[in-house]
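Notes for the structure review
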Amino acid sequence: MTDHGLSPWSAPFVAIDVETTGLDSDPTARVVELAAVRFEDGRPTDRRVATRINPGMPIPAEATAIHGITDADVSGAPTFAEAWPHVVALYDSDFVSTVAYSAAFDRAFASSEVLRASLGKPPLGLCRPWIDPLVWIRKVDRYVRGAGRHRLAATCARRGIVLEQAHAAEDDAIAAGLLWVQLEREIRIVVHEPATHVAVLRVQSALAEDQERDFAEWQRKTIGQGLVAFFTRLRALRAVERAA
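What counts and how
- Residues numbered from 1 in each chain as written.
- Predicted model: local features only at pLDDT ≥ 70, side-chain atom pairs only at ≥ 80, totals over all residues.
- Heavy atoms only, no water.
- Helix = DSSP H or I, 4+ residues; strand = E, 2+ residues; numbered from the N terminus.
- Buried < 20%, exposed > 50% of the residue type's maximum accessible area, 1.4 Å probe, protein only.
- Contact = heavy atoms within 4.5 Å.
- Areas by Shrake-Rupley, 256 points an atom, 1.4 Å probe, with all protein chains shown as cover.
- Pairing = 2+ DSSP bridges.
- Axes fitted to C-alpha atoms, helices over the stretch in contact; angles between N-to-C directions.
- Salt bridge = Lys/Arg side-chain N within 4 Å of Asp/Glu carboxyl O.
- Phe/Tyr/Trp six-rings, centres within 6.5 Å; stacked < 30°, edge-to-face > 60°.

**Observations concerning the overall build of the chain**
Within the chain, the secondary structure is distributed over 10 helices and four strands. Counting from the amino terminus, helix and strand elements in the chain follow one another as β-β-β-α-α-α-β-α-α-α-α-α-α-α. Here the chain holds 244 residues, and 41% of them are scored as buried. In the chain, once contacts between residues fewer than 6 apart in sequence are set aside, the share between residues at least 24 apart is 67%. When the accessible surface of the chain is summed, it comes to about 13200 Å², and 56% of that surface belongs to carbon and sulfur atoms.

**Some points on the pairing of strand E1 (residues 13-20)**
With eight of eight residues buried, E1 is to be regarded as a mostly interior element. Burial along E1 is two-sided: the residues Phe13, Ala15, Asp17 and Glu19 and Val14, Ile16, Val18 and Thr20 are all buried. One ladder, built from eight bridges, connects E1 with strand E2 (residues 31-40); its direction is antiparallel. Bridge pairing links threonine 20 to valine 31 in E2. Both E1 and strand E4 (residues 97-99) contribute to a ladder of three bridges, which runs parallel. Bridged to phenylalanine 13 within E4 is serine 97.

**A closer look at the sheet that holds E1**
Reading across from one edge, E3-E2-E1-E4 is the order of the four strands in this open sheet, with mixed pairing throughout. The sheet is open, and its two borders are formed by strand E3 (43-52) and E4, each paired with just one other strand. Sheet twist, expressed as the average angle between the axes of neighbouring strands with direction ignored, equals 25 degrees. Note: E2 against E3, seven bridges, orientation antiparallel. Paired with leucine 34 across the strands is threonine 51, a residue of E3. Those strands touched by helix H3 (residues 80-88) are E1, E2 and E3, and its axis lies near 5 degrees from that of E2.

**Section: the pairing of E2**
The element E2 is largely enclosed, with a buried count of nine among its 10 residues. What sits between the antiparallel neighbours E2 and E3 is a turn of two residues, in which aspartate 41 has the positive phi angle 55 degrees.

**Considerations on the pattern of salt bridges**
Once their charged atoms are close, side chains differing in charge can pair, the charge on each being opposite to the other. The final tally for this structure, using the stated rule, is 16 salt bridges. Note that glutamate 113 is salt-bridged to arginine 116, the shortest N-O span being 3.2 Å. You can see glutamate 113 and its partner arginine 116 sitting in helix H4 (residues 103-116), three residues apart, about one turn around the helix. Several salt bridges converge on common partners, so that one network encompasses Arg38, Glu40, Arg47 and Asp92.

**A closer look at the packing of aromatic side chains**
Following the criterion strictly, the structure yields five aromatic pairs and no others. Taking the centre distance of 4.8 Å and the plane angle of 15 degrees together, the rings of tryptophan 9 and tryptophan 180 count as stacked. Taken together, the positions of tryptophan 9 in the segment before E1 and tryptophan 180 in helix H8 (residues 169-182) put the pair 171 residues apart, joining distant regions of the chain. What makes tryptophan 9 buried here is its relative accessible area of 13%.

Listed below in structure tokens is the structure:
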């Protein structure tokens, strides 16, 4: 992949967010809201797509509890296949990149819907790796403590970015784009080389691998500690039973 020396902030990008019926690990889950907002010169433009999506299936109550979207809200909405060409139209050159907060989630759903509807190969900016501000936040805000500290709403609040309504796709997309713009100075320090698009994505990939490895290790230790506590408690109960 070549970027002709451009930084990811010197060219337009599209910030994307989706709301869904379930988790990305669920092959039956579908998109119920889609937003794609084009940024130019670090600011969101009127070139955008923001629409509810009819998923062709009931929306589970637990999903509605997160984003507030009901079956009635999407009954007259377009399908993903009908809305997607408007997103593709935002990518009018190979230099337009894609930004999404927790990008793996949004990309997995978009890719699944594109394949399901046989919509063809997306433009280059959607095919190459997406920029993920969450990966960078986990790096630059690694000393911040507290549950949910890396959620988009919490991150925006710390940095003075207005997020009108969390889990509303258009608001989340705009907030993610503004966050990415704000992170430029800090990311340039982390990259330790000219912050071209390729260099930023290379460092992002390495950071993501480190974070996944650290999370797996944390899970292993947490599960191990839980098992130790369980069996310690079990032995204590059996000791009480024997003494009774």
